[in-house]
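Descriptive structure summary
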Amino acid sequence: MTPADLSRTVLHAVRRAVDEDALRAPVPARVRVERTRPGGSGDYACAVALQLAGPAALPALEVARILRERVAAEPGVGRVEITGPGFLSFTLDAPAESDRAVLAAVREQGLAYGHGGALGDEIHQLHHAREVRAAVTAQAVFRLLVAQGARGRTTCEQAPDPDWARLGVTVNAYGTPPTPLTEIRPVPAGATAGELLERLGPDAARWGLLRAAGHDHAALGPELLVQGEANPLFRVRYAHARARALTRSATALGFTAEAAPYGESPAPYDRAARPLLDLLADHPGVLLAGARHRAPDRVARQLEAVAHAFFDFHDSCPPLPAGDEKPSAAHRARLAIAEAAGTVLAGGLSLLGIRAPEHL
């Protein structure tokens, strides 16, 4: 069960409780679940009982008890506890089953993994100044919103810079239209699109413009072109290219990725895979948060974390056999994790408008 699955499960439990007249409160549009913080109980936690206590005219603990019995019966949920003033804490069944569900979702959805319809009822008009960082940020935010089902367009205060097109930026209209606007005004880059393209090229320029939070200055120096570990953009793209190379090498050795059989081995997944698997499971939530908060920098930081965890996993648990070693179920499972990481990295870079080379 992925975090998105769990969120839908809790929302379904709320609807059931309302339909059965056990709870008299409006059903929220969505329910947010988060990973339990260090020292907490379970895998995920949710504050929906506290949210519904006022409208239901019941103590939050009573609302939590009503929801707990309905969520606990759902497949994939191992245990539901009530903690603090009424938080619901969830322990999911069989981590290997949950992991396989995440890998299957990535494999099935491909670059669209993490996309959804959570914002399907929203329409946005993103308005920005005639400044390159504002334009690139607005375009990235627009991509994130569309990936979550929203509709809208981008507008600029003045006629767009012709060089913006080389950065993948399109503007639907310019001037200030008489409709409600979402202003996109990050700290200016201090350079024009033409200057950045000449110094950095489109991919490094976009990464530099989007990596920092909007209220921070963008780092746009020559370090963005360094072909080494110190450059986060290189590390993200190299992790993607390495994942693709693993698939090609495995094919040459006569085997393919397969997540299921490894769950039958004594240890369902290598311990070193845990951070990477958790990041892959969290990816849809990061994309949704990036869209809601107009923050493509969150996606960039997520990709950096995935790349870092990928290399840790790759070095600790090689997906390819060495020497005379024969491909095993463990290798097939590790390859499935590596391929999923590569797909997530490619999909995230695509949302930021950055190419993910197969070879680097």
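Note that the structure is a prediction, hence the values are computed from the model and not measured.

Analysis parameters
Residues numbered from 1 in each chain as written. Predicted model: local features only at pLDDT ≥ 70, side-chain atom pairs only at ≥ 80, totals over all residues. Heavy atoms only, no water. Helix = DSSP H or I, 4+ residues; strand = E, 2+ residues; numbered from the N terminus. Contact = heavy atoms within 4.5 Å. Buried < 20%, exposed > 50% of the residue type's maximum accessible area, 1.4 Å probe, protein only. Phe/Tyr/Trp six-rings, centres within 6.5 Å; stacked < 30°, edge-to-face > 60°. Pairing = 2+ DSSP bridges. Axes fitted to C-alpha atoms, helices over the stretch in contact; angles between N-to-C directions. Right-handed = clockwise from strand over helix to strand, strands pointing away.

Attention shifts here to the side chain of Arg-235. Along the polypeptide, Arg-235 turns up in helix α7 (residues 232-253). If we ignore the near neighbours within four places in the chain, the residues touching Arg-235 are Glu-229, Ala-307, His-308 and Phe-311.

On to unusual backbone geometry. Its identity as a non-glycine residue notwithstanding, Asp-21 has a phi of 65°, on the positive side. Judged by relative accessible area, which is 44%, Asp-21 ranks as partly exposed. One non-glycine residue, Arg-294, lies in the positive phi region at around 55°. Summarising the element assignment, Arg-294 is placed in the loop between α8 (274-292) and α9 (296-316).

Under the counting rule described, the total for this entry stands at three aromatic pairs. When the ring of Phe-234 is compared with that of Tyr-238, the centres are 5.6 Å apart and the planes differ by 10°; the resulting orientation is stacked. In this pair, Phe-234 and Tyr-238 both sit in helix α7, four residues apart, roughly one turn of the helix. Both rings, one in Tyr-238 and one in Phe-311, keep their centres 5.6 Å apart while their planes meet at 20°; by these two values the pair is stacked. Pair noted here: Tyr-238 is in helix α7 and Phe-311 is in helix α9, with a separation of 73 residues, a long-range link.

So, about the environment of Leu-144. Counting through the fold element by element, Leu-144 comes out in helix α5 (residues 132-147). Counting along the chain gives 207 residues from Leu-144 to Leu-351, while the straight-line C-alpha distance between them is 6.6 Å. Sequence-distant contacts of Leu-144, that is, excluding residues within four places in its chain, are made with Leu-287, Gly-290, Ala-291, Pro-296, Val-299 and Leu-351.

What follows deals with the environment of Asp-43. Of note, Asp-43 is situated in the loop between β1 (33-35) and β2 (44-46). In sequence terms Asp-43 and Pro-3 are 40 residues apart; their C-alpha atoms lie 9.9 Å from each other. Aside from chain neighbours lying at most four places away, what touches Asp-43 is Glu-34, Arg-35, Thr-36, Phe-90, Thr-91 and Leu-92.

Our focus in this paragraph is the sheet that holds β2. The strands making up a sheet associate through hydrogen bonds between their backbones, and the pairing can be parallel or antiparallel. Taking strand neighbours across the sheet as the criterion, the four strands line up as β1-β2-β4-β3 in an open arrangement whose pairing is antiparallel. Bordering the open sheet on either side are β1 and β3 (77-83), each of which pairs with just one other strand. Each strand axis lies, on average, 30° off the axis of its neighbour in the sheet, ignoring direction.

Let us now look at the pairing of strand β4 (residues 87-92). Counting buried positions over the six residues of β4 gives five, a clear majority of the element. Pairing of β2 with β4 involves three bridges; the strand directions are antiparallel. For Ala-45, the partnering residue across the bridge sits in β4 and is Ser-89. As paired elements, β3 and β4 share six bridges and run antiparallel to each other. Across the sheet, residue Glu-81 finds its bridge partner in β4, namely Ser-89.

Bringing the pairing of strand β5 (residues 123-128) into the picture now. For β5, the buried fraction is high: five of the six residues fall into the buried class. The pairing of β5 with strand β6 (residues 151-156) spans six bridges and is classified as parallel. Following the sheet pairing, His-127 is matched in β6 by Thr-155. Regarding topology, α5 serves as the crossover connection from β5 to the parallel β6, and that connection is right-handed.

In this section: the sheet that holds strand β8 (residues 182-184). Reading across the sheet, the four strands line up as β7-β6-β5-β8 and stay open at both edges, with parallel pairing between neighbours. Looking at the sheet topology across the chains shown, the edges are occupied by β7 (173-174) and β8. Sheet topology note: the β6/β7 ladder contains two bridges and is parallel. Note on β7: the bridge partner recorded for Cys-156 is Tyr-174. In the packing of α5 onto the sheet, the strands contacted are β5, β6 and β8, and the crossing angle to β5 comes to about 170°.

Any functional reading would require information beyond the geometric quantities listed.
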